[in-house]
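Report on the structure
Each chain is listed here by its residues.
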Amino acid sequence: MLKSRTFLKKTRAGGVMKIVREHYLRDDIGCGASGCAACGSAHEGPVLEPQPLDRVSSLCPQPHYLLPDTNVLLHQVHFNVWRSGTWASVASSLRPPGSLETYVEQLQGETSNDRNDRAIRVAAKWYNEHLKKMSAENQLRVIFITNDRKNKEKAIEEGIPAFTCEEYVKSLTANPELIDRLACLSEEGNEIDSGKIIFSEHLPLSKLQQGIKSGAYLQGTFRASRENYLEATVWVHGDTEDNKEIILQGLKNLNRAIHEDIVAVELLPKNQWVAPSSVVLLDEGQNEDDMEKEEERECILKTAVSEKMLKPTGRVVGIIRRNWRPYCGMLSKSGIKESRRHLFTPADKRIPRIRIETRQASTLEGQRIIVAIDGWPRNSRYPNGHFVKNLGEVGDKETETEVLLLEHDVPHQPFSQAVLSLLPKMPWSITEKDMKNREDLRHLCVCSVDPPGCTDIDDALHCRELENGNLEVGVHIADVSYFIRPGNALDQESARRGTTVYLCEKRIDMVPELLSSNLCSLRSNVDRLAFSCIWEMNHNAEILKTRFTKSVINSKASLTYAEAQMRIDSSTMNDSITTSLRGLNKLAKILKKGRIENGALTLSSPEVRFHMDSETHDPIDLQTKELRETNSMVEEFMLLANISVAKKIHEEFSEHALLRKHPAPPPSNYEILVKAAKSKNLEIKTDTAKALADSLDRADSLTFPYLNTLLRILATRCMMQAVYFCSGMDTDFHHYGLASPIYTHFTSPIRRYADIIVHRLLAVAVGADCTYPELTDKHKLAELCKNLNFRHKMAQYAQRASVAFHTQLFFKSKGIVSEEAYILFVRKNALVVLIPKYGLEGTVFFEEKDKPKPRLTYDDEIPSLKIEDTVFHIFDKVKVKIMLDSSNLQHQKIRMSLVEPQIPGISVPTDTSNVDISEPETKKKKLQK
């Protein structure tokens, strides 16, 4: 049956256009219920679950389906945890708009929302009439679920059984805990009893958009501080470089914004601008809303500073887009007996506490749980939310790993059957067809050099002398793109994951293990497909020729860094593998020297490694990683390959090359580094990367050999994040840290999706493969880069969180330890120190609850902190006591106390129970520039 709708539309030119929309209505669509004989074969398979809901409901004891309205589906998404797929299955029961019996036209004067509500009621009524045709023992009912009072009243008038979500859930007498999973209906309906307005009203979106357009307001991403819950910054979208960041201080100026929300801010007058606070302030919030105490704490933030330290300061006037997600954390049980209202403390310190109502507080205490935010009323110190899921006991390794993966949005579910079905059938071998467009390089003396225990080997090297006296050097990279074809489920899942995530005890693979640890891994003595970058060089490491080819290799050895170093240093070993390594090492030193002379930075960051107990898998040893010449050797050739490939793909695809850049930091980033060096009578120049590199090279002290390492660690903190981008969407390609005009990632396709795209581009450039539409769509490539940058950043944070957790486990077993440390930063009420032995960073606080407050004098210009009569500067050497503080189960942390220098009433007694710790490296953590 055909129905048409005609309406008139005015064109830009002033004319009138007649538009006719036709609807073809069908009468052969089945209801989707598997037991319905009336529909017969009208549907190929059941759409609804074969078994309807049979939970005991006091409102409807017989078997029934639920039909929720749109708002219930949107707002009660976490209720789906109760029965996986319930809402999704019921939603699909809606008769399609093209169904003859349930087609609903919008009436004159009727809003779209009212029309949609009426359409759902029509569907519910049709179902109840239709399902009456089933036999008495199989007869089903459809219950309409809506939280809209008028919608419910109309449904009941029309003879449709209808209940609110809360009414229905409360009727499930066997499952009283389900009520906890219902989201709050509105912010206004859940305001706390006090009624006192704390926050100003958020402006409506229409006013915000007008204000942004006129320049009255600025739009940006809200970023809460980890160190100070009363401070945040807003990174302004598309603003000038000089005014990218706005500071917000105080609860009222933060105005209920939550980390990662997109907000509108109003700049305050210049006489109200402030400097970033140097106070470390954590929310130790109580169950009550003590706003007077908050105001006292806000006064601590304000420090007299010079005018040049002041930054643009503002306040949040409205929320453009909420970026809420489910949050992991712990329940802070209310002190009031029988209370159902409790505070939830998120694991992420940037997220405020959340009020939830639950009847399971005693059960959930001491557990890691997930909570979702529903809203934040103006008269509540904290947002409202609801319980979603219990993850397990706090401190349990599996639970804590699940928490850090969820908190950093790391996709870690097992690969789906659709993905696994695309893997090669075993046993797999290289065929004649595979060899058709490949170069056979199995005769070359290729070897790989990696950390011990590495199974995802994605790069191998060779070096040999040519007949003309020059050297041939090859970097051979796993040909992952051979196995992952564009657009299929395996490709889509790899793109979604973006990167492999290395935790202390496990690896979350980007691609299934069959590929990552077997078919793509360049293991020794097996034939493997590769993409090779081969240079002809002279003995001064000058490149004479470069070529790229798909290849087949057979690695002659899989070496660790230590094994490769031993071969190079041995006076008795002269086999072909060792000769190749020595040639590579000699060239790498020349390449590195040349890079540094061009202004490349050699920075530093303390990385730790753990030695695990083979039975308990607890860390029993912890120390900083030792880097050898062979680490640098591999790094140099990976960098050279990435630069060579970047030039080639940009030459071929000037608008569609996937590249990687490292922006130069703004001068303000270097302030702390310059001041720190000045306090040690050293000058650091930051005009260019070359000036910085030269300054760092000169910054040495015979009496303080570790000073240079500390300066490089601090310089690392000043850097911007390196990012992927599409060449057609940007003009600045420069990689600041490497001092290279162009750069990309080609050398790790097993663990980085960016490299797979680069392989595809290079394959097209050398005629080894064909292109496809998405590969040459710069807008799609830019979107892909956005996801890859996010995934890369989250992977780094997850790795750090894993190290932090295992460090806590280590010190839990070691007890109290005293060690030498160096001050990295001075704060208004604390010192941030680095312990070189463990590569561990921590904070020594000097203002603690229930303890006398010492006299503290902070000087931001030097910078320094005077405690009583002792002055501390950046890089000063101190001694600290280290222990695990388990007083707060939610945020167990490494606690540090000052031992030396001795300050009466401040320093703690010296502890002599030092532990000597050393062990081999066990975890792969490869170069990511």
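Residues numbered from 1 in each chain as written. Predicted model: local features only at pLDDT ≥ 70, side-chain atom pairs only at ≥ 80, totals over all residues. Heavy atoms only, no water.

**Some details on the overall build of the protein chain**
The helix and strand tally for the protein chain stands at 22 helices and 36 strands. Evaluated residue by residue, the protein chain yields a buried proportion of 51% over its 929 residues. Counting contacts in the protein chain only where the partners sit at least 6 residues apart, residues at least 24 apart contribute 68% of the total. Roughly 43,900 Å² of accessible area belongs to the protein chain as shown, and the carbon and sulfur atoms make up 50% of that amount. (Helix = DSSP H or I, 4+ residues; strand = E, 2+ residues; numbered from the N terminus. Buried < 20%, exposed > 50% of the residue type's maximum accessible area, 1.4 Å probe, protein only. Contact = heavy atoms within 4.5 Å. Areas by Shrake-Rupley, 256 points an atom, 1.4 Å probe, with all protein chains shown as cover.)

**Remarks on the pattern of salt bridges**
As enumerated under the stated definition, the model contains 43 salt bridges in all. Note that glutamate 158 is salt-bridged to arginine 121, the shortest N-O span being 3.4 Å. Within this pair, whereas glutamate 158 is found in the loop between α4 (149–157) and β5 (162–163), its partner arginine 121 is found in helix α3 (residues 112–130), the two being separated by 37 residues in sequence. Judged by its relative accessible area of 32%, glutamate 158 falls in the partly exposed class. Residues joined by salt bridges that share partners form a network here, namely Arg325, Asp348, Arg350 and Glu407. (Salt bridge = Lys/Arg side-chain N within 4 Å of Asp/Glu carboxyl O.)

**Things to note about the sheet that holds strand β11 (residues 327–332)**
Taken in spatial order, the five strands of this closed barrel run β11-β12-β13-β15-β14, and their pairing is mixed. The sheet shows a mean angle of 55 degrees between the axes of neighbouring strands, taken without regard to direction. Relative to strand β12 (residues 341–346), β11 is paired through four bridges, and the arrangement is antiparallel. The partner of methionine 330 across the bridge, within β12, is threonine 345. Its contacts with the sheet place helix α10 (residues 397–407) against β11, β14 (367–375) and β15 (384–393), and it is angled at close to 140 degrees to β15. (Pairing = 2+ DSSP bridges. Axes fitted to C-alpha atoms, helices over the stretch in contact; angles between N-to-C directions.)

**Here we look at the sheet that holds strand β33 (residues 864–867)**
Taken together, the three strands give an open sheet; going across it, the order is β32-β33-β34, and neighbouring strands pair in antiparallel fashion. Two strands bound the open sheet, and with one partner strand each, they are β32 (856–859) and β34 (870–873). Sheet twist, expressed as the average angle between the axes of neighbouring strands with direction ignored, equals 20 degrees. As defined by bridge partners, β32 adjoins β33 across four bridges and the pair is classed as antiparallel. Bridging from a neighbouring strand, aspartate 859 pairs with serine 864 of β33.

**Describing the packing of helix α15 (residues 561–569) against helix α16 (residues 576–597)**
As a packed pair, α15 and α16 sit with axes 9 Å apart at the nearest point and diverge in direction by 90 degrees. On the basis of the axis angle, α15 is roughly perpendicular to α16. Within the contact between the two elements, α15 uses Ala564, Arg567 and Ile568 and α16 uses Ile577, Thr578, Leu581, Arg582 and Asn585. (Parallel < 35°, antiparallel > 145°, perpendicular 65-115°, else oblique.)

**Digging into the nonpolar core**
By size, the foremost hydrophobic cluster in this structure holds 89 residues, and its most contacted members are Phe637 and Leu658. With 10 residues, helix α21 (residues 753–765) is the largest single contributor of residues to this core. Those residues within four positions of phenylalanine 637 in sequence are excluded, and the remaining contacts are Leu461, Val473, Val475, Trp535, Met537, Leu584, Leu587, Ala588 and Leu591. If you look at the next biggest cluster of nonpolar residues, it comprises 28 residues, including Leu696, Leu710, Leu714 and Ile874. (Core = buried A, V, L, I, M, F, W, Y, C linked by side-chain atoms within 4.5 Å.)

**Section: the packing of aromatic side chains**
Tallied over the full model, the rule gives 13 aromatic pairs. Measuring from ring centre to ring centre gives 6.5 Å for tryptophan 535 and phenylalanine 637, while their planes differ by 40 degrees; the resulting arrangement is tilted. With tryptophan 535 in strand β22 (residues 527–537) and phenylalanine 637 in helix α17 (residues 629–652), this pair connects stretches of sequence that are 102 residues apart. Each member of the pair, tryptophan 535 together with phenylalanine 637, is buried. Put simply, the rings of Trp428, Tyr482 and Phe483 pair up and form one aromatic cluster. We note arginine 226 situated over the ring of tyrosine 797; from NZ or CZ to the ring centre the distance is 5.8 Å. Here the guanidinium or amino end of arginine 660 rests over the ring plane of tyrosine 724, the centre of that ring lying 4.5 Å away. (Phe/Tyr/Trp six-rings, centres within 6.5 Å; stacked < 30°, edge-to-face > 60°. Lys NZ or Arg CZ within 6 Å of the ring centre and 35° of its normal.)

**Some words on the pairing of strand β8 (residues 245–249)**
Burial of β8 is extensive: four of the five residues sit out of reach of the surface. Bridging between strand β7 (residues 231–236) and β8 involves five bridges; their strand directions are antiparallel. Note on β8: the bridge partner recorded for valine 234 is isoleucine 246.

**Here's the deal with the side chain of aspartate 876**
With respect to the helices and strands, the residue aspartate 876 is situated in the loop between β34 and β35 (877–885). Discounting chain neighbours no more than four positions away, the residues touching aspartate 876 are Lys680, Ala821, Tyr822, Ile823 and Val871.

**Focus on unusual backbone geometry**
Glycine aside, residues mostly have negative phi angles, and peptide bonds mostly take the trans form. Here the bond from isoleucine 862 into proline 863 is cis, since omega is -15 degrees, no more than 30 degrees from zero. Assignment of secondary structure puts proline 863 in the loop between β32 and β33. Of note in this structure, alanine 739 is not a glycine but carries a positive phi near 50 degrees. On the basis of relative accessible area, alanine 739 is assigned to the partly exposed category, the value being 21%.

**A few points about the environment of glutamate 338**
Structurally, glutamate 338 is set in the loop between β11 and β12. Spatially, the C-alpha atoms of glutamate 338 and arginine 359 are 8.8 Å apart, while their sequence positions differ by 21 residues.

**Thoughts on the environment of cysteine 726**
Mapped onto the fold, cysteine 726 is located in strand β28 (residues 723–726). Put simply, cysteine 726 and aspartate 777 are 51 residues apart on the chain and 9.7 Å apart in space, counted from C-alpha to C-alpha. Excluding its chain neighbours within four sequence positions, the residues that come into contact with cysteine 726 are Glu655, His656, Ala657, Lys778, Leu781, Ala782 and Cys785.

**With respect to α17**
Over its 24 residues, α17 extends 35 Å from the first C-alpha to the last, a length consistent with the 34 Å expected when each residue adds 1.5 Å. Counting buried residues along α17, 18 of its 24 residues qualify, which places the element largely inside the surrounding structure. (Expected span 1.5 Å × (residues − 1).)

**Notes on the pairing of strand β29 (residues 817–826)**
Judged by how many residues are buried, β29 sits mostly within the fold: nine of 10 residues are covered. The sheet contact formed by β29 and β35 spans six bridges and is antiparallel. Paired with glutamate 819 across the strands is valine 880, a residue of β35. As paired elements, β29 and strand β30 (residues 830–835) share four bridges and run antiparallel to each other. Note that in β30 the partner of tyrosine 822 across the bridge is leucine 834. Counting the residues that bridge the hairpin from β29 to β30 gives three residues.

**Description of the confidence of the model for the protein chain**
Within the protein chain, residue pLDDT values average 84, and 82% of them lie at 70 or more. Note that pLDDT drops below 50 for residues 80–95; the model gives that stretch 46 contacts with residues more than four away or on any other chain. In the predicted structure, residues 186–194 sits below a pLDDT of 50 and forms 16 contacts with residues beyond four places in sequence or in another chain. (pLDDT = per-residue confidence, 0-100.)

**Section: the environment of tyrosine 482**
When you line up the elements, tyrosine 482 lands in the loop between β19 (471–478) and α13 (489–497). In this structure tyrosine 482 comes out as partly exposed when scored by relative accessible area, which is 27%. Taking the C-alpha atoms as reference points, tyrosine 482 and isoleucine 756, 274 residues apart in sequence, are found 9.6 Å from one another. Apart from residues no more than four positions distant in its own chain, tyrosine 482 is found in contact with Trp428, Asp434, Arg438 and Leu529. A distance of 2.8 Å separates a polar atom in the side chain of tyrosine 482 from a polar atom in the side chain of aspartate 434. (Polar contact = N/O pair within 3.5 Å; in protein donor to acceptor, adjacent residues only side chain to side chain.)

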